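Coordinate inspection notes
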Amino acid sequence: MVGETARVAPALTRQDFVSDQDVRWCPGCGDYAILAQVQKVLPELGIPRENFVFVSGIGCASRLPYYVNTYGFHTIHGRAPAIATGIKSYRPDLQVWVITGDGDALSIGGNHLIHSLRRNVDMKILLFNNRIYGLTTGQYSPTSEFGKKTKSTPFGSIDYPLNPISLALGAEATFVARTIDSDTQSLSSVLRSAAHHKGSAFVEIFQNCVIFNDDAFKEVTDRQLRSDNMIQLEHGKPLIFGKNRDKGIRVKDWKPEIVTLGQNGITEADLVVHDEHSADPTYAFFLSRLESPEFPVPLGVFRSVEKETQDQLLEHQIKAAQEKMGIGKLEALLGSGDTWFIKGDTK
Amino acid sequence: MKKQVEEKQDVVIRFAGDSGDGMQLTGMQFTTTTATMGNDLSTFPDYPAEIRAPAGSLAGVSGFQINFSTRDIRTPGDAPNVLVAMNPAALKANIKDLEEGGMLIVNIDAFTDGNLKKASYAANPLNDGSLNRYEVYHLPITTLNTNSVQGTSLSKKEIDRCKNFYALGLMFWLYERPLEITTQWIHKKFKGEIAAANEMALKAGYHYGETAELFKKHYRVPSAKLAPGKYRNITGNEATAIGFVAASQLCGKPLLYASYPITPASDILHELSRHKNFGVKTLQMEDEIAAAGAALGASFSGGLGLTGTSGPGLALKAETIGLAIMAELPMVIIDVQRGGPSTGLPTKTEQADLLQAMYGRNSESPLAIVAPSTPSDCFAMAIEACRIALEYMTPVIYLSDGYLANGSEPWLLPTIDSLPKIKISHPTDAATFKPYLRDEKTLARPWAIPGTPGLEHRIGGLEKENITGNVSYDPKNHELMIHLRAEKIARIAQSIPDAKVFGKEEGELLVLGWGGTYGAITSAVEEMQKRGHSVSSLHLRYLNPFPRNLLKVLNSFEKILIPELNLGQLAFLLRGLYSIPVKSLTKVQGQPFKVKEIINGIEEILKTRKVETWSEKRLASPQH
């Protein structure tokens, strides 16, 4: 078997990752942009095409594997992380991507998501968050805002939404990032970082559903509004945002606070400096709680730390067992425990 | 004074006590020694679902029965000849099974007012004459044990915990068994003073039998005339686990076993997780669904993916199994059946998941089903399950049950050469590869695995276009694929052996069974044959598809009786498939059949006069 990066791949292009299937998302769907960036980043990774596996669950997002010319498995609702865990456990040489949506990952598959993250299974999870159920024609999802009126909530949703980034951090994910379908630069940069991360990489992608939840992320996609409503995270840089880059985030009484540079003697030195490698996830969690409309929404890498992965740990145990006990011999296994002989002459 | 020795052909002993009394351990130790003495044997552990039910209560009674013999035997015995009761609750729960005149050894120290009350005894059964039908031995086992464990600093509680070894020592003397194997085991398992105390108790029990006036004689059960070779004693769950390791070696693929703890299947996970040096990967997943998913993921990536569970877990895995059927990937799902529905009787046996295995998924979703018939047969059928899965690219359900899983018997070790070869090939030629282009003979699709250049392709749960495997909503294609998937499973019949009749190949009555009822059915049929009746039996180890000769065999008998630990599920299948009349003999008490119960069922059907109703309406040939 070939290691993920052990072999120099022939020079691949975006076209090598385009399958022969017609793409069947709605015109204008954010999924097209994500697919395009995935196909752009894959050939840059130096991994032979045959060593990629795309696994998905059910939902609009989960059709993506059909359109990428790698090995692909379109599975069942919510279970992609569990199936991908089996793939990566059995074949550590493969690079495994999980494509999922807010219903698939956070509702029906919530359990598998948190457990694959806590085990640090080496896979890249792309969560297309459009805050709606699209394929079932428009019911509210676990990320839909409170009070949202949908087909299944004509009087408004009474469920409080959850925050995917906070959830991933709570599950001890080693790589957590957020990006937007329409921001190709941010999207490709985050996908690249996720691909290079060894371990569970969780990426929330704000994705626009033109049919059932259009403009759900307007405050961070609209050219006029976005600068004031988002912070682009950069490791080692202070949290600064705003059209004029004059606003920042500082901590006061354990709480975030928006301040203006130059007012009341505030300087960059007063601001929080982004540290994506902080071993303790507390800071990343703090960041994840910056939510619209009170605060600008952070985009980029929240957390990126190294930890031994599940497949490495599994391989190490096997190696250690084989060194200690010797490579297993079937004959010895059959005859283990208390045995006795019946001599031929007793027959 | 040397005591008398009386020879016996076979003996059934039941050890019964509180679930904290170590009865399972005592039984297993007696079994190991008895096995190495060359007796044939069969065991039946029967324990409560509660780990430590209130001490002394009826709910907390744990039992272990062993039948050992100088002959070839197949069941743990209908009625114990000897009952060891460590407290009143154990006596109350088990006395009804002891044979008339049987030997009863009771620990009288435990017959306190409190314990009698917990066992709902109004009067002390030791004094009220209610046990007069038995040969009762009143032994103060707690006191005798305390006196025997000398010179230690152990607490009273710790000393009391040795008393099962005291009882075991006594039984070893009573049946002329050596102490060495248990002594060695004690020193492997325990350290220091605890080990020393257990050994003292064991020896003291033995010497008590030898010297006390109470026992006038002891018994010898000479070794059985078993086929020559190397043996070990094995439980069904152990044989299952080892069988899968063997299958992995035979096909040259490491196995991945993903599971979620569930009684009575957990021991398979425990056993496999010890064999990492065979390259075995075990995953304890977050739930049953994830376990099925991880196994299927391993299969997708080119491996031998297995998952194990019991009935409730099989229900949760159903959707993933459906995906395996659609994606046509090899996978083995182990269901160690237990009493149900719902949580049911977790530690008790039942065979009521057959129809769930056959039909417990949405739409037309056929798969292969195999069922081992004895604890050691679990080894062979585990290999068969893998062979079928890999040769036919299909999920296979392996139906064991609690009785097989925990019961044990001596196993003549097979030689490695005698095991079947499992051949696998993976395509590599991009020019000819089509994901659903089937093998002409088996209808299996090619198994192209990730890492193979040029064969990148996508599969999934949506309906597949024939040959290309692309997503297809075409009505005719869907119908074709439904038929192809069914036909593929039917064709498995060409690779399985004919079912073998026990007894004459035609006659008045065929007793048909499957799974763990093999021992009881075969023993009952053998007895009826001895009595001169025209009775044969057939035991199915392949439940879907059936062996090719099944209908022919069924048509060779006037009457068919099907004993099952359910309400007649195999009978239901046969009536539906072949439109033949069959009679069910059912039992759903969480307990295996007794030989006697099957004999009674046979006697009853033999008395039935309307023979003609049993031979009407039979199809000319099997459907597959």
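Keep in mind that what you see is a predicted model, and the values were worked out from it rather than measured.

So, about the state of the cysteines. Considering all chains together, one arrives at zero disulfides over all chains under this definition. For the unlinked cysteine C60 of chain A, the closest cysteine sulfur is that of C26 of chain A, found at 6.5 Å. C386 of chain B forms no disulfide, and the closest cysteine sulfur to it belongs to C251 of chain B, at a distance of 7.0 Å. On the basis of relative accessibility, which here comes to 0%, the residue C386 of chain B falls in the buried class.

Summed over the entire model, instances satisfying the criterion amount to 38 salt bridges over all chains. A salt bridge links E271 of chain B to R274 of chain B; its shortest N-O distance comes to 3.0 Å. The partner of E597 of chain B in a salt bridge is K587 of chain B, with the nearest N and O atoms 2.9 Å apart. With E597 of chain B in helix α20 (residues 595-607) and K587 of chain B in the loop between β23 (583-586) and α20, the pair connects residues that are ten residues apart, well separated along the chain. You can call E597 of chain B partly exposed: its relative accessible area is 27%. Bridged by salt links that share partners, the residues K88, D122, K124 and K198 of chain A form one connected network.

Turning our eyes to something else, we now look at helix α9 (residues 236-251) of chain B. All names here are of chain B. An ideal rise of 1.5 Å per residue puts 22 Å on 16 residues; α9 measures up with 22 Å between its terminal C-alpha atoms. Burial analysis of α9 places 14 of its 16 residues in the buried class, which makes it a mostly covered element. Directly after α9, the chain includes G252, whose backbone phi takes a positive value near 75°.

Right, let's get into the nonpolar core. One finds L512, L543, L554 and L570 of chain B to be the most contacted residues of the largest nonpolar core, which totals 147 residues. By size, the runner-up hydrophobic cluster in this structure holds 51 residues, among which are F68, V149, L168 and L226 of chain B.

It is worth spelling out the confidence of the model for chain B at this point. Scored by pLDDT, chain B has a mean of 95; 97% of the residues are at 70 or more. In this model, residues 611-624 of chain B is a region of pLDDT below 50 whose contacts with residues beyond four sequence positions or in other chains number 35 contacts.

We now examine the packing of aromatic side chains. Residues and elements named next belong to chain B. Under the counting rule described, the total for this entry stands at 23 aromatic pairs over all chains. Ring geometry for F44 and Y403: centres 5.9 Å apart, planes at 55°, overall tilted. Note that F44 is positioned in strand β3 (residues 40-46) and Y403 in helix α15 (residues 402-406), a separation of 359 residues in sequence. Taking the relative accessible area as the measure of exposure, Y403 reaches 12% and is therefore buried. Between F379 and W411, the aromatic rings sit 4.8 Å apart at their centres with planes inclined by 55°, giving tilted as the arrangement. Of this pair, F379 sits in helix α14 (residues 377-392) while W411 sits in strand β16 (residues 408-412), and the two are 32 residues apart along the sequence.

In this section: the environment of S523 of chain B. Residue and element names in this part refer to chain B. Relative to the elements of secondary structure, S523 occurs in helix α17 (residues 518-530). Spatially, the C-alpha atoms of S523 and I73 are 8.0 Å apart, while their sequence positions differ by 450 residues. Ignoring anything within four residues of it in the chain, the contact list for S523 reads R74, T75 and V595. Looking at S523, its side chain comes within polar contact range of the main-chain oxygen of G519, at 2.8 Å.

Opposite the 78 residues of chain B that make contact, chain A presents 63 residues. Buried surface at the junction of chain B and chain A, both sides included, amounts to about 5,700 Å², of which 64% is carbon and sulfur. Of the charged contacts in the structure, one is a salt bridge between R49 of chain A and E456 of chain B, with a shortest N-O distance of 3.3 Å. Seen at the junction of chain B and chain A, the total is 31 residue pairs in polar contact (both at pLDDT 80 or more). Per-element accounting of the side of chain B that touches chain A gives the leading share, eight residues, to helix α11 (residues 288-300) of chain B. For strand β12 (residues 339-342) of chain A and strand β9 (residues 229-235) of chain B, the ladder comprises four bridges, and the chain directions are antiparallel.

Our focus in this paragraph is the domain arrangement of chain A. All names here are of chain A. One can read the domain layout of chain A as domain 1 (14-237 + 274-318) and domain 2 (238-273). A C-alpha centroid distance of 29 Å is found between domain 1 and domain 2. Taken together, the contacts link 17 residues of domain 1 with 15 residues of domain 2. With both sides pooled, the region where domain 1 packs onto domain 2 buries about 1,200 Å², and carbon together with sulfur makes up 71% of that total. Between domain 1 and domain 2 we count one salt bridge in total. Across the salt bridge formed by K243 and D228, the nearest N and O atoms sit 4.0 Å from each other. In this assembly, domain 1 and domain 2 are joined by three residue pairs in polar contact (both at pLDDT 80 or more). Put simply, the parts of the chain that give the side of domain 1 that touches domain 2 at least two residues each are α8 (226-229), β7 (230-232) and α9 (282-288). Of the residues forming the side of domain 1 that touches domain 2, the biggest block, three residues, is contributed by α9.

Cut-off values and rules
Residues numbered from 1 in each chain as written. Chains lettered and ligands numbered in written order. Predicted model: local features only at pLDDT ≥ 70, side-chain atom pairs only at ≥ 80, totals over all residues. Heavy atoms only, no water. Disulfide = S-S within 2.5 Å. Buried < 20%, exposed > 50% of the residue type's maximum accessible area, 1.4 Å probe, protein only. Salt bridge = Lys/Arg side-chain N within 4 Å of Asp/Glu carboxyl O. Helix = DSSP H or I, 4+ residues; strand = E, 2+ residues; numbered from the N terminus. Expected span 1.5 Å × (residues − 1). Core = buried A, V, L, I, M, F, W, Y, C linked by side-chain atoms within 4.5 Å. pLDDT = per-residue confidence, 0-100. Contact = heavy atoms within 4.5 Å. Phe/Tyr/Trp six-rings, centres within 6.5 Å; stacked < 30°, edge-to-face > 60°. Polar contact = N/O pair within 3.5 Å; in protein donor to acceptor, adjacent residues only side chain to side chain. Buried area = accessible area lost by both parts, 1.4 Å probe. Pairing = 2+ DSSP bridges. Domains from an automatic or database assignment.

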